[in-house]
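# Structural overview
Listed here are the chains, written in short residue letters.
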Amino acid sequence: MNNEIQGKSMSEWVKDFPVLDDLRHEKETTWFNSRLQSAQEGIAHVGLTIKDVDDAADRLKRFAPLIMDLFPSIKTSEGIIESPLVAVPDQSKALGERYGHSLPGQLWAKLDSELPISGSIKARGGIYEVLKHAEDLAIEAGLLEPGDDYRKLATPKMKKFFGQYKIAVGSTGNLGLSIGIMSAALGFDASVHMSADARQWKKDKLRANGVHVFEYQSDYSVAVASGRKEAEADQKAYFVDDENSSTLFLGYAVAGRRLAGQLQTYDVRVNADNPLFVYLPCGVGGSPGGVAFGLKTVFGDDVHCIFAEPTHCPSMFLGTYTGLHDKICVQDFGIDNVTAADGLACGRPSRFVGKAMEHLVDGFFTIDDDELFRIEANLHDKAGIDIEPSAAAGFVGPWRILAGNEYRQKMNLDDVSMAHATHIAWCTGGSMVPKDEMAGYISKGESLL
Ligand SMILES: *Cc1c(COP(=O)(O)O)cnc(C)c1O
């Protein structure tokens, strides 16, 4: 029978994994990870270390003067690509009324929507991987030495040098934007393979930057496969592999230590009595995985990382819950992968991240598309912050924790510690969305409220 999934019928799957019943019917659901381990054990399983994150942070620091030259908009942060952290108490109050339970503790928003250069969390991993590749090539060619001023990489001679090399990537939009803009700024010949979900303005923007854009009528996996194929045929081509890249992952991971500094600025304490919850919108898994890894290396067991996915594309949830990881895609379970959360529309989870993070992610939840729009409208109204639908997914997280009695009991999260808790919804993208498109999202959310 060909409607078996990995050798089992659907009813057998549902019997062994009861949450699958809600998942496959595209209903909102929450699952706390039964394979969760201590941070120490979980980190050891990842295959990367704190030293790897140190290296990534150092690399970004070396490149900062160059980035400042290439993108004058980030002069005010001395070339460090970072985003604000803001408290959103009015949003917390509004959501508390909506969900029938006011939130004990604080609610903050981490505004990767405002990240310079490409306006999404992909400005962390994507740009980092392009920089690392440029550094590798220049060192290998004897054109750069450790200790050099990296601004020399922007000379016409170096631009010509990078111009011999191609960089290719497959994307739902934002990764392509980050890789394309950074690659083009250094002089690389960049190609972005875009899935059907990718917004037109992202393609237009890339073309205006001289990037080759290929469009597909199919989903993200096909776009990635095309990018991979293009690069394989060419010795001078480099493929940024969003389904497997530890380089992207480390670029994202640097966020953990930066967040620690921001929390300290506001005297937000994180320890056993003051838990930190971070809610990360998840597509293929790279950005939430990398950020969560970085956070665990800083805060250990005091941080709880929860991944958020649309009900129409719970791929990392499905992969981790069943242990099948990238062997399955959401379509295998009859889930359609059609969602307004374009940045999260990756039907098959990352092979690398699912396994690496299986003992460190506290839990997963799914959220309905309409709720994303409502949250987005709320945030606009209560905090004057505009984000894209994907980026709104984290905000219901605190209420899923409140409802998760068994989980809180297991983790010793009693009422006192919940009253002292800090919740951060990671807002992963949005500042570059054209005004009229943003207005459309918000009015849709308002009409649903
Ligand atoms: C890509 C993206 C995510 C998820 O990142 P993955 O690495 O695909 O899991 C979340 N939000 C936005 C806005 C994104 O563009």
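Residues numbered from 1 in each chain as written. Predicted model: local features only at pLDDT ≥ 70, side-chain atom pairs only at ≥ 80, totals over all residues. Heavy atoms only, no water.

We count it as follows: UniProt positions are given in the numbering used here, feature names are shortened, and annotations may be inferred rather than shown by experiment.
In the nomenclature of an unreviewed UniProt entry, the protein chain corresponds to Probable D-serine dehydratase from the organism Bifidobacterium actinocoloniiforme DSM 22766. What UniProt states about the protein chain under its Sequence similarities (unreviewed entry) heading is, verbatim, "Belongs to the serine/threonine dehydratase family. DsdA subfamily." According to the UniProt record, the Cofactor (unreviewed entry) comment for the protein chain is "pyridoxal 5'-phosphate".

### A look at the domain arrangement of the protein chain
Let me state the cut-off plainly: Domain start and end points were adopted from an automatic or database domain assignment. Should any heavy atoms of two residues lie within 4.5 Å, those residues are counted as being in contact. Summed over both partners, buried area is the accessible surface (1.4 Å probe) that two parts give up on being assembled. Each salt bridge in this description consists of a side-chain nitrogen of Lys or Arg and a carboxyl oxygen of Asp or Glu lying within 4 Å of one another. What qualifies as a polar contact is a pair of N or O atoms within 3.5 Å, subject to a donor-acceptor requirement within protein and to the restriction that residues adjacent in sequence count only when both atoms come from side chains. Every helix listed is a DSSP run of H or I at least four residues long, and every strand listed is a run of E at least two residues long, numbered separately from the N terminus.
Along its sequence, the protein chain is organised into domain 1 (4–51 + 68–117 + 247–448) and domain 2 (122–242). Put simply, the middle of domain 1 and the middle of domain 2, counted by C-alpha atoms, are 26 Å apart. On the side of domain 2, 29 residues touch domain 1, which itself brings 34 residues to the contact. Between domain 1 and domain 2, a total of about 2,600 Å² is buried, with carbon and sulfur atoms accounting for 61% of that surface. Contact with domain 2 buries surface across domain 1, with T247, L248 and D342 losing the most and accounting together for 22% of the total. One can count four salt bridges joining domain 1 with domain 2. Residues D112 and R124 are paired through a salt bridge, measuring 2.7 Å at the closest nitrogen-oxygen approach. Put simply, domain 1 and domain 2 have eight residue pairs in polar contact (both at pLDDT 80 or more) between them. Going through the elements one at a time, α4 (50–70), α11 (246–253), α12 (255–265) and α20 (435–448) are the ones with two or more residues in the side of domain 1 that touches domain 2.

### Remarks on the pattern of salt bridges
Basically, it comes down to this: Each residue's exposure class comes from its accessible area (1.4 Å probe, protein chains only) as a fraction of the maximum for that residue type: buried when under 20%, exposed when over 50%, partly exposed otherwise.
What the rule picks out here adds up to 28 salt bridges. Residues E388 and K202 are paired through a salt bridge, measuring 3.7 Å at the closest nitrogen-oxygen approach. Of the two residues, E388 is situated in the loop between α16 (369–383) and α17 (397–403) and K202 in helix α9 (residues 200–208); the sequence distance between them amounts to 186 residues. K202 shares its class with E388; the two are buried. In this structure, E215 engages R207 in a salt bridge whose closest nitrogen and oxygen atoms are separated by 3.0 Å. Bridged by salt links that share partners, the residues E82, K110, D112, R124 and R258 form one connected network.

### Some words on the sheet that holds strand β9 (residues 303–310)
So the rule is basically this: By definition, two strands form a pair when at least two bridges between them are found by DSSP. Angles run from 0 to 180 degrees between N-to-C directions of axes, and those axes are lines fitted to C-alpha atoms, restricted for helices to the stretch in contact.
The seven strands lie next to each other as β1-β10-β9-β8-β11-β3-β2, forming an open sheet whose pairing is mixed. Lying at the two open borders of the sheet, with one neighbouring strand each, are β1 (30–32) and β2 (85–87). Sheet twist, expressed as the average angle between the axes of neighbouring strands with direction ignored, equals 20 degrees. As paired strands, β2 and strand β3 (residues 106–111) are joined by three bridges and run antiparallel to one another. Following the sheet pairing, A87 is matched in β3 by W108.

### With respect to the environment of Q217
Here Q217 is to be found in the loop between β6 (212–215) and α10 (220–232). Spatially, the C-alpha atom of Q217 lies 6.7 Å from that of S195, the residues being 22 residues apart in sequence.

### Structural notes on the layout of surface pockets
Stated precisely, the cut-off is as follows: Points on a 1 Å grid, built from protein atoms alone, make a cavity when a 1.4 Å probe fits but cannot get out and make a pocket when they are open with protein on both sides within 12 Å along at least 5 of 7 lines; residues with an atom within 4 Å of a point are the lining residues. Grid points are joined across faces, edges and corners, and a volume is the space filled by probe spheres set on the points. Side-chain classes follow a simple rule in which Ala, Val, Leu, Ile, Met, Phe, Trp, Tyr, Cys and Pro form the nonpolar group, Asp, Glu, Lys and Arg form the charged group, and the remainder, Gly included, forms the polar group.
Within this model, the largest pocket holds a volume of roughly 230 Å³. What lines the largest pocket is a set of 15 residues, and nearest its centre among them are A272, H304, M411, N412 and L413. A breakdown of the residues in the lining of the largest pocket according to their chemical character gives five nonpolar, five polar and five charged. Its volume calculated, the second largest pocket comes out at about 180 Å³. Lining the second largest pocket are F32, N33, S34, G404, N405, E406, Y407 and K410. Considering each element in turn, the lining of the second largest pocket owes the most residues, four residues, to helix α18 (residues 405–410). The residue makeup of the lining of the second largest pocket, split by class, is two nonpolar, four polar and two charged.

### Section: empty space enclosed by the protein
Counted under the stated rule, the structure contains two cavities of 30 Å³ or more. There is about 210 Å³ of room inside the largest cavity. Looking at the lining of the largest cavity, the elements that each hand over two or more residues are β4 (166–171), α8 (174–186) and α13 (286–299). It is α13 that provides the largest number of residues to the lining of the largest cavity, a total of three residues. Taken together, the residues that form the lining of the largest cavity break down as 10 nonpolar, 13 polar and three charged. Shared between two domains, the lining of the largest cavity holds at least three residues of each, these being domain 1 (4–51 + 68–117 + 247–448) and domain 2 (122–242). Taken as a whole, the second largest cavity spans an internal volume of roughly 80 Å³. Lining the second largest cavity are L60, I67, G79, I80, I81, A123, R124, G251, V254 and R258. Of all elements in the fold, only α4 and α6 (122–140) reach the threshold of two or more residues within the lining of the second largest cavity.

### Points about the site of the ligand
The test is simple: One heavy atom within 4 Å of a molecule or strand makes the whole residue count as near it. A molecule is counted as occupying a cavity or pocket when more than half of its atoms fall within 2 Å of that pocket's grid points.
Looking at the ligand, there are 16 residues lining it, with K122, N174, G283, S287 and T428 nearest. Note that an oxygen atom of the ligand is positioned 2.7 Å from one of the backbone N or O atoms of G285. Within the backbone of G286, a nitrogen or oxygen atom sits 3.2 Å from an oxygen atom of the ligand. A majority-of-atoms criterion places the ligand in the largest cavity. The element that contributes the greatest number of residues to the shell around the ligand is α13, accounting for three residues.

### Describing α20
Rule in force here: To estimate the expected span of a helix, subtract one from its residue number and multiply by 1.5 Å. Here the arc refers to the directions that run from the helix axis out to each C-beta atom.
For α20, which comprises 14 residues, the first-to-last C-alpha distance of 20 Å matches the rise-based estimate of 20 Å (1.5 Å per residue) to within 8%. Every buried residue of α20 is accounted for by M438, Y441, I442 and G445. Down the axis of α20, the sector holding all buried residues measures 90 degrees, keeping them to one side. For α20, exposure combined with an orientation more than 90 degrees from the buried face picks out D436 and S447. Where α20 is buried, its residues contact α16.

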